[in-house]
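Observations on the three-dimensional arrangement
The chain contents come next:
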Amino acid sequence: MSAQGLPVPEWVVLGRSIYESFIKEAGLEEKLDGILTLVEANSLATLEAYKQIEAIFVEAPLSVAVRQLAEEAYGIVAQGGMISVRSSATDEDSAGHSF
């Protein structure tokens, strides 16, 4: 878009490796797997699973390294104003899912 002369705001990517580091460092993998196993076994309703997973992510601590990366990214794009955050599944933007 910028090559066509359209204004494109500054942007950064905190990619899959950062997400995976967060999951590992916060010890979330077993908790998430446990919830998803219950959903697959029809022992837990999807809405309840969503609420539990949301709580796990909200309550999970960010490591110093991940927090620093997020703060650096914010500093690049914020420029004293608001920012937009786009979140997607780890493979959502892969060639197999791209249009």
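It should be noted that the structure appears before, not after, this text.
Now for a description of the structure that goes with this document.

1. What to know about the nonpolar core
Ranked by size, the top nonpolar core spans 10 residues in total: F22, I23, A26, L28, L32, I35, L44, A49, I56 and A60. Secondary-structure elements contributing two or more residues to this core are α1 (16-25), α2 (29-40) and α3 (46-59). Filtering out sequence-adjacent residues up to four positions away, L32 remains in contact with I23, I53, I56 and F57.

2. Remarks on the packing of aromatic side chains
Between two aromatic rings, the relevant description is the distance of the centres plus the angle of the planes. For the coordinates displayed, the defined rule picks out two aromatic pairs. Between Y19 and F57 the ring centres are 6.5 Å apart and the planes differ by 15°, which places this aromatic pair in the stacked class. Remark: F57 occurs in helix α3 and Y19 occurs in helix α1; sequence separation between them is 38 residues. Accessibility expressed as a relative area gives 30% for F57, which makes it partly exposed. Between F22 and F57 the ring centres are 6.0 Å apart and the planes differ by 35°, which places this aromatic pair in the tilted class. Taken together, the residues F22 in helix α1 and F57 in helix α3 connect sequence positions 35 residues apart. Exposure remark for F22: the relative accessible area of 11% places this residue in the buried category.

3. A short note on the pattern of salt bridges
Two side chains that carry opposite charge are able to pair once their charged atoms sit near each other. Evaluation of the coordinates by the stated rule reveals one salt bridge. The salt bridge involving R16 is made with E20; its shortest N-O contact spans 2.8 Å. Here R16 pairs with E20, and both are found in helix α1, just four residues apart, close to one helical turn. Given a relative accessible area of 47%, R16 falls into the partly exposed group.

4. Brief notes about a nonpolar patch on the surface
A cluster of nonpolar side chains, contributed by M1, L6, V8, W11 and V13, occupies part of the molecular surface with about 590 Å² of accessible area. Of note, W11 is situated in the segment before α1.

Basis of the calculations
- Residues numbered from 1 in each chain as written.
- Predicted model: local features only at pLDDT ≥ 70, side-chain atom pairs only at ≥ 80, totals over all residues.
- Heavy atoms only, no water.
- Core = buried A, V, L, I, M, F, W, Y, C linked by side-chain atoms within 4.5 Å.
- Buried < 20%, exposed > 50% of the residue type's maximum accessible area, 1.4 Å probe, protein only.
- Helix = DSSP H or I, 4+ residues; strand = E, 2+ residues; numbered from the N terminus.
- Contact = heavy atoms within 4.5 Å.
- Phe/Tyr/Trp six-rings, centres within 6.5 Å; stacked < 30°, edge-to-face > 60°.
- Salt bridge = Lys/Arg side-chain N within 4 Å of Asp/Glu carboxyl O.
- Patch = residues over 30% accessible without salt bridge, like charges linked within 9 Å, V, L, I, M, F, W, Y side chains within 5 Å.
- Areas by Shrake-Rupley, 256 points an atom, 1.4 Å probe, with all protein chains shown as cover.

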